[in-house]
Amino acid sequence: MSERRVALITLGCARNEVDSDELAARLEHGGWTLVDEAEGADAVLVNTCGFVEAAKQESVDTLLAAADDGADAPKVVAVGCLAERYGDQLAEAMPEAAVLGFDHYPDIAGTLQEVVDGRAPAPHAPRDRRKLLPISPVDRQQAGAVMPGHGAATEVTVRRPGSLGGTQTLRRRLGSGPSAPVKIASGCDRRCAFCAIPSFRGAFVSRPVDEMVQEAAWLAGAGVRELVLVSENSTSYGKDLGDVRLLEQLLGQLSAVSGIDRIRVSYLQPAEMRPTLVDVMTATSGVAPYFDLSFQHASGPVLRRMRRFGDGEQFLDLLGQIRARAPLAGVRTNVIVGFPGETEADVAALEEFLGAARLDAVGVFGYSDEDGTEAAGHDGKLPQQVVDERVERVTQLVDELVAQRAEERIGEQVDVLVESVAVGIAEGCAAHQGPEVDGATSVRVPATVRVGDLVTASVVASDGVDLTADANADRDGSSVRSR
């Protein structure tokens, strides 16, 4: 059989990146060669995002662009959240592409060959994936539902030029650089009124600790120094494994993996934060005191309508507990404005909270209806013009506040994980900066510094959320820690 070539395009969040890494490993194990460009490939696999309208449109545009290459174009295949969420509807709207759901992932190599041979399987009818798993979390581990990104660590042997050889994690790393996401769980049991993710990602299921420790060791061997733990709700980790505090143990075990110097946790639910987790995240060597807290708003009435908990006062109390243990901790969040029924008083409560919270990064999103969500049926919808005006207003405030917070960090000592180097300037992320989402730190460094080094530096200036720092001039060279 002649060589089969596939290009893999990934859209969306870091969780999708992990899923694509698993797909790549399965494809290679099945005889496919991964290529960077669609030209000359037999197929283009687009791992889509289906979270919000803008992400859906980007996915559709990417699929259309991949299919618009003439008679000799490669076969175009949609996978990922948009394909799972809309299935046969997407296939009917886009006959140019084959549409595969999560259940196709275990045999993606064989299924892709069927597509190339003109025998594409019928697209699935969308369904609520929560119904594939037992209601009780502790009964889910053996249910057998497909969980993208949960490939067993010893399931296959992947061999490729430059690979580590032997039996390795079911993952073919498509990204580069010293940081890599690790999926600790899939799905969500929360019922936020604005979110459709649980319906197409399913109920919450944790990955076993030993599987992730092995994956961390494999990533360290591939040059990774920082792990970014991702899921739909990291604070729920372990509840289906019989221990609601298992995340604390996982962090301790991952921090002990040789070669891993920093671990950060993403997607924390404020309502599920607990003192023991705050203690571990602020006191464990190698764990970044970095809190990605999903506040979404600060008005109690709005949060109740969102089916969430807390308010600005409770959130400030949580931030106070964190900073009492780690004064320099990094905190980021996302907020939604324009939710049905939101009043000017609610927006003012949000602005008051943001002004007091001293956050390092804030994503501001305008509310829009999502198919199948409770909020789509709410009354009190605001005119789009009002939503847009509030987004602009809160965004302007946030831009000022995060710039002030960055300026407060002048004089601090930071450890910067170098992601790029050019003409004596290294750029990377300090512990309070999540890769690709929270700004960066530029450091004047010696010519010997390389990508993947950890540089201890002093912050000397800020520009928006970005920082400038000077490497500490230690005579023994201890300001730079190389692999």
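Up top you'll find the structure we're talking about.
Residues numbered from 1 in each chain as written. Predicted model: local features only at pLDDT ≥ 70, side-chain atom pairs only at ≥ 80, totals over all residues. Heavy atoms only, no water.

> Any chance you could explain the overall build of the chain here in plain terms?
Secondary structure summary: the chain contains twelve helices and 19 strands in total. In terms of overall size, the chain behaves like a compact globule, its C-alpha atoms giving a radius of gyration of 23 Å where 483 residues would be expected to give roughly 23 Å. Taking the principal axes of its C-alpha atoms as reference, the chain extends roughly 65 × 60 × 45 Å. Sorting the 483 residues of the chain into buried and exposed places 53% on the buried side. For the chain, contacts bridging at least 24 residues in sequence account for 74% of all contacts bridging at least 6. Of the roughly 20,100 Å² that the chain leaves accessible, carbon and sulfur atoms contribute 49%. (Helix = DSSP H or I, 4+ residues; strand = E, 2+ residues; numbered from the N terminus. Rg over C-alpha atoms; globule rule 2.2 N^0.38 Å. Buried < 20%, exposed > 50% of the residue type's maximum accessible area, 1.4 Å probe, protein only. Contact = heavy atoms within 4.5 Å. Areas by Shrake-Rupley, 256 points an atom, 1.4 Å probe, with all protein chains shown as cover.)

> Explanation requested: the packing of helix α1 (residues 14-29) against helix α4 (residues 108-116) in the structure shown.
Two measures define how a pair of helices packs: the angle their axes make with one another and the distance between the axes. One can describe the packing of α1 onto α4 by two numbers: an axis separation of 8 Å at closest approach and a directional angle of 75°. On the basis of their axis angle, the class for α1 and α4 is roughly perpendicular. Here Leu23, Arg26 and Leu27 of α1 come into contact with α4, specifically with Ile108, Ala109 and Leu112. Here the contact of α1 with α4 is composed, by residue class, of five nonpolar, no polar and one charged. (Axes fitted to C-alpha atoms, helices over the stretch in contact; angles between N-to-C directions. Parallel < 35°, antiparallel > 145°, perpendicular 65-115°, else oblique. Nonpolar A, V, L, I, M, F, W, Y, C, P; charged D, E, K, R; others polar.)

> How do you make sense of helix α6 (residues 209-221) when you look at a structure like this?
Since one α-helical turn is 3.6 residues long, residues separated by three or four positions face the same way. Given a rise of 1.5 Å per residue, 13 residues ought to cover 18 Å, and the 19 Å separating the end C-alpha atoms of α6 matches this to within 8%. Taken residue by residue, α6 has Val209, Glu211, Met212, Glu215, Ala216, Trp218, Leu219 and Ala220 as its buried positions. Where α6 is buried, its residues meet β6 (179-183), β9 (226-230) and α7 (246-255). Directly after α6, the chain includes Gly223, whose backbone phi takes a positive value near 100°. (Expected span 1.5 Å × (residues − 1).)

> Looking at this structure, how should I read the sheet that holds strand β5 (residues 97-99)?
In sheet architecture, strand pairing relies on hydrogen bonds along the backbone and comes in two forms, parallel and antiparallel. Taken together, the five strands give an open sheet; going across it, the order is β2-β1-β3-β4-β5, and neighbouring strands pair in parallel fashion. A single partner strand is all that each edge strand has here, and the edge strands are β2 (32-35) and β5. For this sheet, the mean inter-axis angle between neighbouring strands, taken without regard to orientation, is 30°. Two elements, strand β3 (residues 43-48) and strand β4 (residues 75-80), share six bridges in a ladder whose sense is parallel. When the bridges of β4 are listed, Thr48 appears paired with Gly80. (Pairing = 2+ DSSP bridges.)

> Can you walk me through the packing of aromatic side chains in this structure?
Centre-to-centre distance and the angle between the planes together describe a pair of aromatic rings. Going through the model one piece at a time under the given rule, you end up with five aromatic pairs. Summarising the aromatic geometry, the rings of Phe295 and Phe353 are spaced 5.3 Å apart at their centres and angled 80° between planes, so their arrangement reads as edge-to-face. With a gap of 58 residues between them, Phe295 in the loop between β11 (287-293) and α9 (300-305) and Phe353 in helix α11 (residues 344-357) connect regions that are remote in the sequence. Look at Phe353 and you get buried, because its relative accessible area is 3%. Residues Phe315 and Phe353 carry aromatic rings whose centres are separated by 6.0 Å and whose planes lie at 70° to one another, so their mutual orientation is edge-to-face. One end of the pair, Phe315, is in helix α10 (residues 312-325); the other, Phe353, is in helix α11, with 38 residues separating them in the sequence. Pairwise contacts between aromatic rings join Phe295, Phe315 and Phe353 into one cluster. (Phe/Tyr/Trp six-rings, centres within 6.5 Å; stacked < 30°, edge-to-face > 60°.)

> Is there a simple way to explain the pattern of salt bridges in this structure?
In a structure, side chains of opposite charge can pair up when their charged atoms sit close to one another. Going through the model one piece at a time under the given rule, you end up with 40 salt bridges. For Arg129, the salt bridge identified is with Glu84, shortest N-O distance 3.4 Å. In this pair, Arg129 sits in the loop between α4 and β6 while Glu84 sits in helix α3 (residues 81-93), placing the two residues 45 residues apart along the sequence. On the basis of relative accessible area, Glu84 is assigned to the buried category, the value being 2%. In this structure, Arg390 and Glu342 form a salt bridge, with 2.9 Å as the shortest nitrogen-oxygen distance. Of this pair, Arg390 sits in helix α12 (residues 384-408) while Glu342 is found in the loop between β12 (330-337) and α11, placing the two residues 48 residues apart along the sequence. (Salt bridge = Lys/Arg side-chain N within 4 Å of Asp/Glu carboxyl O.)

> How should I be thinking about the sheet that holds β9 in this particular structure?
Overall, parallel pairing links the six strands, which are arranged β6-β9-β10-β11-β12-β13 in an open sheet. Each edge of the sheet is formed by a strand with only one pairing partner; in this case those strands are β6 and β13 (361-366). Pairs of neighbouring strands in the sheet enclose a mean axial angle of 15°, with direction left out of account. One ladder, built from three bridges, connects β11 with β12; its direction is parallel. Note on β12: the bridge partner recorded for Tyr290 is Gly330. Most of the contacts of α1 go to β6, to which it runs at about 85°, and overall it touches β6, β9 and β10 (262-268). Contacts between α7 and the sheet are confined to β9, β10 and β11, with β10 contributing the most and set at about 155° to the helix.

> Can you help me understand a negative patch on the surface in this one?
A surface patch of like charges, here negative, comprises Glu17, Glu419, Glu427, Glu436, Asp463 and Asp466. With respect to the helices and strands, the residue Glu17 is situated in helix α1. (Patch = residues over 30% accessible without salt bridge, like charges linked within 9 Å, V, L, I, M, F, W, Y side chains within 5 Å. Lys, Arg positive; Asp, Glu negative; His and termini not counted. Charge placed at Lys NZ, Arg CZ, Asp CG, Glu CD.)

> Mind showing me how you'd approach α10 here?
The terminal C-alpha atoms of α10 lie 20 Å apart, and with 14 residues this matches the ideal 20 Å at 1.5 Å per residue to within 8%. Restricting attention to buried positions, one finds in α10 the residues Gly312, Phe315, Leu318, Leu319, Ile322 and Arg323. Seen end-on, α10 carries its buried residues on one side only, within an arc spanning 130°. What points out from α10, more than 90 degrees from its buried face, is the exposed set Glu313 and Ala324. Buried residues belonging to α10 abut α8 (275-283), β11, α9, β12 and α11. Taking the backbone nitrogen of Glu313 as reference, a side-chain oxygen 3.1 Å away marks Asp311 as the first, capping residue of α10. (Arc of directions from axis to C-beta. Polar contact = N/O pair within 3.5 Å; in protein donor to acceptor, adjacent residues only side chain to side chain.)

> Quick question: what am I supposed to make of the nonpolar core here?
In globular proteins that are soluble, nonpolar side chains generally tend to be buried together. With 68 residues, the main nonpolar core has Leu227, Leu229, Leu250, Leu251, Phe291, Leu293 and Leu354 as its most contacted residues. Apart from the residues lying within four places of it in its own chain, the contact partners of Leu229 are Val182, Ile184, Ser234, Leu250, Leu251, Leu254, Ile263, Arg264, Val265 and Ser266. Ranked by size, the runner-up nonpolar core spans 24 residues in total, among them Val6, Trp32, Leu112 and Phe200. (Core = buried A, V, L, I, M, F, W, Y, C linked by side-chain atoms within 4.5 Å.)

> Before we go on, may I ask you to explain the pairing of β2 in this structure?
Every regular strand shows the same layout, with side chains that alternate between the two sheet faces. Of the pairings in the sheet, the one linking strand β1 (residues 4-10) to β2 comprises four bridges and is parallel in character. Among the inter-strand pairings, Arg5 is bridged to a residue of β2, identified as Thr33. The parallel pair β1 and β2 is bridged by α1, and the resulting crossover is right-handed. (Right-handed = clockwise from strand over helix to strand, strands pointing away.)

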